[in-house]
Amino acid sequence: PSDGAADAEVKLISVVGLLLLLPIGCLGYALHTSPWLGPPRLRRLLLTALLPAIALAPLWVLEAHGGPLRSKMAHFALSFFGIVAFFRWLELLCGTGPKGF
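In what follows, the accompanying structure is described. (Residues numbered from 1 in each chain as written. Predicted model: local features only at pLDDT ≥ 70, side-chain atom pairs only at ≥ 80, totals over all residues. Heavy atoms only, no water.)

### A closer look at the overall build of the chain
Moving on, step 1. When you go through the chain residue by residue, the secondary structure sums to 3 helices and 0 strands.
Moving on, step 2. Put simply, the chain runs from its N terminus to its C terminus through helices and strands in the order α-α-α.
Moving on, step 3. Projected onto its principal axes, the C-alpha coordinates of the chain cover approximately 55 × 25 × 20 Å.
Moving on, step 4. Here the chain, with 101 residues, has 25% of them falling under the buried criterion.
Moving on, step 5. Here the analysis covers contacts within the chain between residues at least 6 apart in sequence; of these, 63% occur between residues at least 24 apart. (Helix = DSSP H or I, 4+ residues; strand = E, 2+ residues; numbered from the N terminus. Buried < 20%, exposed > 50% of the residue type's maximum accessible area, 1.4 Å probe, protein only. Contact = heavy atoms within 4.5 Å.)

See below:
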């Protein structure tokens, strides 16, 4: 038996999550590499200021939804996107990502 609403929830979270991660990653890379934002210390401060928002974004999605989602897989997708984004942001912040990143 399949629950169509739960399946749609997972698909929506997956698509929207990926579509949000791409511009957020581009923003982070721009903050990390743009010399017009000032010294590296200021750029690092801006990246650090955004870190809590990235970590709490899945909880904000649940709050905006009004409670738990129908599917456990949707919760997994939210937590997965939150964890991946948080640690990739830390890599960007610390400069420990791939060469040239």
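### Some details on the packing of aromatic side chains
Moving on, step 1. Per the stated rule, a full pass over the model turns up 3 aromatic pairs.
Moving on, step 2. With 6.1 Å between their ring centres and 20° between their planes, F76 and F80 make a pair best called stacked. Here the residue F76 and the residue F80 both occupy positions in helix α3 (residues 72-94), the gap between them amounting to 4 residues, near one helical turn.
Moving on, step 3. The class for F76 is partly exposed, based on a relative accessible area of 46%.
Moving on, step 4. Each ring, one from F86 and one from F87, has its centre 5.3 Å from the other, and the planes form 85°; the classification is edge-to-face.
Moving on, step 5. Taken together, the ring pairs connect F76, F80 and F81 into an aromatic cluster. (Phe/Tyr/Trp six-rings, centres within 6.5 Å; stacked < 30°, edge-to-face > 60°.)

### A closer look at the nonpolar core
Note that soluble globular proteins tend to have their nonpolar side chains buried in a common cluster.
Moving on, step 1. If you look at the biggest cluster of nonpolar residues, it comprises 9 residues: L31, L37, L47, L51, I54, A85, W89, L92 and L93.
Moving on, step 2. Of all the elements in the fold, those that place two or more residues in this core are α2 (40-65) and α3.
Moving on, step 3. If you tally residues by element for this core, the top one is α3, at 4 residues.
Moving on, step 4. Residues in contact with I54, not counting those within four places in the same chain, are I24, G82, A85, F86 and W89.
Moving on, step 5. Grouped together as the second largest cluster of nonpolar side chains are 7 residues, L69, A74, L78 and F81 included. (Core = buried A, V, L, I, M, F, W, Y, C linked by side-chain atoms within 4.5 Å.)

### Side note on the side chain of E9
Moving on, step 1. Here E9 shows up in helix α1 (residues 4-33).
Moving on, step 2. For E9, which is buried and forms no salt bridge, the nearest opposite charge comes from R70, at a distance of 5.6 Å.
Moving on, step 3. Polar contacts involving the side chain of E9 include one to the main-chain amide nitrogen of R70, which spans 2.8 Å.
Moving on, step 4. Residue contacts for E9: discarding those within four places in its chain leaves H65, L69, R70, S71 and A74. (Lys, Arg positive; Asp, Glu negative; His and termini not counted. Salt bridge = Lys/Arg side-chain N within 4 Å of Asp/Glu carboxyl O. Polar contact = N/O pair within 3.5 Å; in protein donor to acceptor, adjacent residues only side chain to side chain.)

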